[in-house]
Amino acid sequence: MNVHPSPIVRHFDPFSIESNVRSYCRRMASTFRRALNAEVWDDEGRRYIDFLSACGALNYGHNHPALKAELLKYICGDGIATSMDLHTSAKRAFLAKFFGTVLLPRRLDYVIQFPGPTGTNAVEAALKLARKVTKRRDVVAFTNAFHGMSLGALAATGSRFARGGAGVPLSHVHRLPFACAGNDGVKVLHDYRDAVCDPSSGIEAPAAFIVETVQGEGGLTVAPYEWLRALESVARDLGALVIVDDVQAGCGRTGPFFSFERANIFPDIVCLAKSISGFGLPMAVVLIKPQFDRWRPAEHNGTFRGNNHAFVTATAALGLWENKKFQSDITTREQELWNWVDGIAADYPRFLEARGIGMMQGLRFADPHIAVEVADRAVRNGLLIELCGPHDEVLKLLPPLTIEQEVLEEGLYRLQDAIRACLSPARMGYRRYRLRRSEGSSRKRET
Ligand SMILES: *Cc1c(COP(=O)(O)O)cnc(C)c1O
C-alpha cells in the first residue's frame, strides 16, 4: 500500500504532492505572490520581470487596473459568476463589444461559439465542426504545430513528446511542412492539392487546414503572407475549411488584433483563448462563418462556457483597443523589441538568429544547451522566460503588450547579461557551433 507522508510532519512541502506533470515551475521555482503589469514579486519579496505572460494569456499584463475595476464592481454587485450558456448581461455586453470593436471595423462576418474555456477546447470544436460540415475525416496540420493537449487537438500537434502521452493512435491528420523560407512552401501546398485531385493518389480530400500564422510553441516561425494566401486558395480549391488557431498569436500579440490580418485572408473558423479574457481568466471563443454554423443545439456542450467574470474583463480589454494611443504604444514596444533582438543576433551571428514578429519575438540558439543555460541564468537574474522550438532552442520573449518602456529595457538588460555571460569569448573558445540559417527563418518586416 502506498502511504502519503502525513501533512503534519514538520518540513512538509505542499508542492511535493503535486504531480510529476508540472513543468514551468521547475525552471521558475519561486513561489509567486503578487504582480502588476510586467512585474511579479515572490514570497520573499524578490522582484521579477515577466517575459512569459502566462504563455500569452496575459497580453494586457497582470491585474490591469481598468479590467480589475470592472471585475471588482461586477463581483461587488453580486453579478452572476457562471451560467453555462444562459443569457447574462455580462455576455450580452461582451458580444456587443466584440461585434462593434473587432468584427464590424474589419467587416468580418462571424457567429461566436463559446466552447469550454481553454484553447484546446476551441480547437476541438473547430475540428469537429469542420469534419461535420464537409463530411470528411482528415485534417491538414503542419510540422511544429501546437494546437493543444486533448486528443483531437493533440492529433494536429507536431511534438513527438506531447503525442507520446496520448496512449491511443492519433489519426486523421495529414502533416505538411510549415511555411519555410528554405523549402518552397507554396509549391508544397500546390503539390498536395494536385495529389488530392489525382484519383489514384490514395490521399483523401481534407475537411480543413488548421494553421498558426506564427508558431508560438513551435519556435516563433512566421508564415509569409504569400504562403498563407496560397493556403487559403488551395483550401478553397479542395472544398476544405481554413481554421486559424489564433490562441497564442491573436489578441494583439503580433500587432493587429488577429494575427491573420497582415495576410489579408478570411479564415472560415478562428480559435481564440489565452488572452481573450484579458485578465488571465479562462475563456475561449470559436468564430465561425455563418454558413458553416451547422451545430445542432447542445451538440458541443460544456459546463464552463459561461465564465461571466471573464466576459466582464474581456469586454473591458476590448475597450482598450478603442484607444489609438494604446495601439501606437504597442507599435513602439514592438519596434524596441525588434531592434534589441536584431541587435543581439547581429552581435553573435554564429550563435543567434532573430525570430518572430510583433510582441512574440525570440532568439534561436545554434546550440540548444546554451539556450537552456541562458534561460536558467535569466531566471536567476530575475526574468521569467521560457524556451520553445523543436529542440527547446528558441528563447521566447513574450512580455505583456502593455509593458512600460523602462521595464522592457530592464528586462532586456537582464537577458543581455545572461546571453553575454553564456556566450562570452572565453567560454565559447572551445565551442565550434555554427548557426546554420534555419529553414524556418523568414524574419522580415512586413509593412
Ligand atoms: C496554448 C495553445 C493552445 C492550447 O490552449 P490551452 O488553453 O492550453 O488548451 C492551442 N493552440 C495554440 C496555438 C496555443 O498556443
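See the structure shown above.
Source: prediction; values computed, not measured.

Cut-offs and rules
Residues numbered from 1 in each chain as written. Predicted model: local features only at pLDDT ≥ 70, side-chain atom pairs only at ≥ 80, totals over all residues. Heavy atoms only, no water. Helix = DSSP H or I, 4+ residues; strand = E, 2+ residues; numbered from the N terminus. Rg over C-alpha atoms; globule rule 2.2 N^0.38 Å. Buried < 20%, exposed > 50% of the residue type's maximum accessible area, 1.4 Å probe, protein only. Contact = heavy atoms within 4.5 Å. Areas by Shrake-Rupley, 256 points an atom, 1.4 Å probe, with all protein chains shown as cover. Lys, Arg positive; Asp, Glu negative; His and termini not counted. Charge placed at Lys NZ, Arg CZ, Asp CG, Glu CD. Near = heavy atom within 4 Å. Polar contact = N/O pair within 3.5 Å; in protein donor to acceptor, adjacent residues only side chain to side chain. Nonpolar A, V, L, I, M, F, W, Y, C, P; charged D, E, K, R; others polar. Core = buried A, V, L, I, M, F, W, Y, C linked by side-chain atoms within 4.5 Å. Domains from an automatic or database assignment. Salt bridge = Lys/Arg side-chain N within 4 Å of Asp/Glu carboxyl O. Pairing = 2+ DSSP bridges. Axes fitted to C-alpha atoms, helices over the stretch in contact; angles between N-to-C directions. Expected span 1.5 Å × (residues − 1). Parallel < 35°, antiparallel > 145°, perpendicular 65-115°, else oblique. Left-handed = near helix turned anticlockwise from the far one by under 90°. Phe/Tyr/Trp six-rings, centres within 6.5 Å; stacked < 30°, edge-to-face > 60°. Lys NZ or Arg CZ within 6 Å of the ring centre and 35° of its normal.

Asks: What is the right way to look at the overall build of the protein in this model?
Replies: The helix and strand tally for the protein stands at 14 helices and 15 strands. Here the protein has a C-alpha radius of gyration of 22 Å; the compact-globule value for 447 residues is 22 Å, and the two agree. Counting only C-alpha atoms and orienting by the principal axes, one finds that the protein spans roughly 60 × 60 × 60 Å. In the protein, which comprises 447 residues, the share counted as buried stands at 53%. Partitioning the contacts of the protein with sequence separation of at least 6, the portion at a separation of at least 24 is 74%. Carbon and sulfur atoms make up 54% of the accessible area of the protein, which totals about 20,800 Å². One finds the centroid of the 55 positive side-chain charges in the protein at a distance of 1 Å from the centroid of its 49 negative side-chain charges.

Asks: How do you make sense of the site of the ligand when you look at a structure like this?
Replies: Surveying the vicinity of the ligand reveals the residues Thr 118, Gly 119, Thr 120, Phe 146, His 147, Gly 148, Glu 212, Asp 245, Val 247, Gln 248 and Lys 274. Contact distances for the ligand include 3.4 Å between a nitrogen atom and a backbone N or O atom of Phe 146. Taking Lys 274, its side chain carries an N or O atom lying 2.7 Å from an oxygen atom of the ligand. Considering the ligand on its own, with 380 Å² of exposed area, one finds that the protein chains cover 82% of that surface. Here the shell around the ligand is composed, by residue class, of two nonpolar, six polar and three charged.

Asks: Would you take a moment to explain the nonpolar core for this structure?
Replies: In summary, soluble globular proteins display a tendency toward joint burial of nonpolar side chains. Ranked by internal contacts, the top residues of the largest apolar core, which has 100 residues, are Phe 98, Phe 209, Phe 257 and Ile 419. In terms of residue count, the dominant contributor to this core is helix α10 (residues 308–320) (eight residues). Both domains that furnish three or more residues to this core are identified here as domain 1 (22–51 + 324–428) and domain 2 (69–320). Other than its neighbours up to four places away in sequence, Phe 98 contacts Leu 103, Ile 112, Phe 257, Phe 258, Leu 272, Ile 276, Leu 287 and Leu 318. In terms of nonpolar packing, the next biggest core, distinct from the first, is built from 26 residues, Ala 125, Val 133, Ala 141 and Trp 295 among them.

Asks: In this structure, what is going on with the side chain of Glu 124? I would like to understand it.
Replies: Within the element layout of this structure, Glu 124 appears in helix α5 (residues 119–134). Buried charge Glu 124 goes without a salt bridge, the closest partner of opposite sign being Arg 131 at 6.4 Å. Discounting residues that sit within four places of it in the chain, Glu 124 has contacts with Ser 150, Leu 151, Gly 152 and Ala 153.

Asks: Looking at this model, I keep getting lost on the pairing of strand β2 (residues 39–42). Mind explaining?
Replies: Where a strand is regular, its side chains alternate between the two sheet faces. Of the two faces of β2, both are covered, the one formed by Glu 39 and Trp 41 as well as the one formed by Val 40 and Asp 42. When strand β1 (residues 32–36) meets β2, the two strands line up antiparallel, connected through four bridges. Considered in β2, the bridge of Phe 32 is made with Asp 42. From the end of β1 to the start of β2, which pair antiparallel, there are two residues, and Asn 37 there has a positive phi angle of about 50 degrees. Judged from the three bridges that link them, β2 and strand β3 (residues 47–50) form a sheet pairing that is antiparallel. In the sheet register, Val 40 faces β3, and the bridge partner there is Tyr 48. The turn linking β2 back onto β3 is made up of four residues, and Gly 45 within it adopts a positive phi angle of 85 degrees.

Asks: Looking at this model, I keep getting lost on the sheet that holds strand β14 (residues 386–388). Mind explaining?
Replies: Hydrogen bonds between backbone groups are what pair the strands of a sheet, and the pairing can be parallel or antiparallel. Read across the sheet, four strands follow the order β11-β12-β15-β14 without closing on themselves; strand pairing throughout is antiparallel. Every interior strand has two partners, whereas the edge strands, β11 (352–357) and β14, have only one. Direction aside, the axes of adjacent strands within the sheet are offset by 35 degrees on average. Judged from the four bridges that link them, strand β12 (residues 360–365) and strand β15 (residues 394–397) form a sheet pairing that is antiparallel. Across the sheet, residue Gln 361 finds its bridge partner in β15, namely Leu 397.

Asks: Explain the pattern of salt bridges here, please?
Replies: Pairing of side chains with opposite charge becomes possible as their charged atoms draw close. Going through the model one piece at a time under the given rule, you end up with 23 salt bridges. Between Arg 27 and Asp 376 there is a salt bridge, with its nearest N and O atoms 2.7 Å apart. Here Arg 27, found in helix α1 (residues 24–27), pairs with Asp 376, found in helix α12 (residues 368–380); they are 349 residues apart in sequence, far enough to count as distant. Owing to a relative accessible area of 29%, Asp 376 belongs among the partly exposed residues under this scheme. Measuring nitrogen to oxygen at the nearest pair gives 3.1 Å for the salt bridge that ties Arg 236 to Asp 268.

Asks: Can you walk me through α10 in this structure?
Replies: Note: α-helices contain 3.6 residues per turn, so residues at a spacing of three or four share the same orientation. Between its first and last C-alpha, α10 extends 19 Å over 13 residues, near the 18 Å set by a 1.5 Å rise per residue. In terms of residue burial, α10 counts as a mostly covered element, since 11 of its 13 residues are buried. Three or more residues of α10 are buried, namely Asn 308, Ala 310, Phe 311, Val 312, Thr 313, Ala 314, Thr 315, Ala 316, Ala 317, Leu 318 and Leu 320. On its buried face, α10 sits against α3 (65–76), α4 (89–103) and α11 (324–347).

Asks: Would you take a moment to explain the packing of α11 against helix α13 (residues 405–422) for this structure?
Replies: The relative placement of two packed helices is expressed as an angle between their axes plus a distance between the axes. Between α11 and α13, whose axes approach to 11 Å, the crossing angle comes to 15 degrees. In terms of orientation, α11 lies roughly parallel with respect to α13. You can see that α11 and α13 cross each other, and the crossing is right-handed. Two secondary-structure elements touch here, α11 through Arg 333, Glu 336, Leu 337, Trp 340, Ile 344 and Asp 347 and α13 through Gln 405, Leu 408, Leu 412, Leu 415, Gln 416, Ile 419 and Arg 420.

Asks: Looking at this model, I keep getting lost on the packing of aromatic side chains. Mind explaining?
Replies: Given two aromatic rings, one states the distance between the centres and the angle between the planes to describe the pair. Overall, the coordinates contain 16 aromatic pairs when judged by the stated rule. Look at Phe 98 and Phe 257: their rings are 6.4 Å apart centre to centre, the planes differ by 75 degrees, and that puts the pair in the edge-to-face class. Taken together, the residues Phe 98 in helix α4 and Phe 257 in the loop between β8 (241–245) and β9 (269–272) connect sequence positions 159 residues apart. Overall, the relative accessible area of 2% leaves Phe 257 in the buried class. A connected cluster of aromatic rings, assembled from ring pairs, spans Tyr 60, Phe 94, Phe 98, Phe 114, Phe 257, Phe 258, Phe 260, Phe 311, Trp 321 and Phe 326. The ring centre of Trp 41 lies 4.5 Å from the NZ or CZ of Arg 34, which sits over that ring. Here the basic side chain of Lys 289 rests over the ring of Phe 266, its NZ or CZ set 4.0 Å away from the ring centre.

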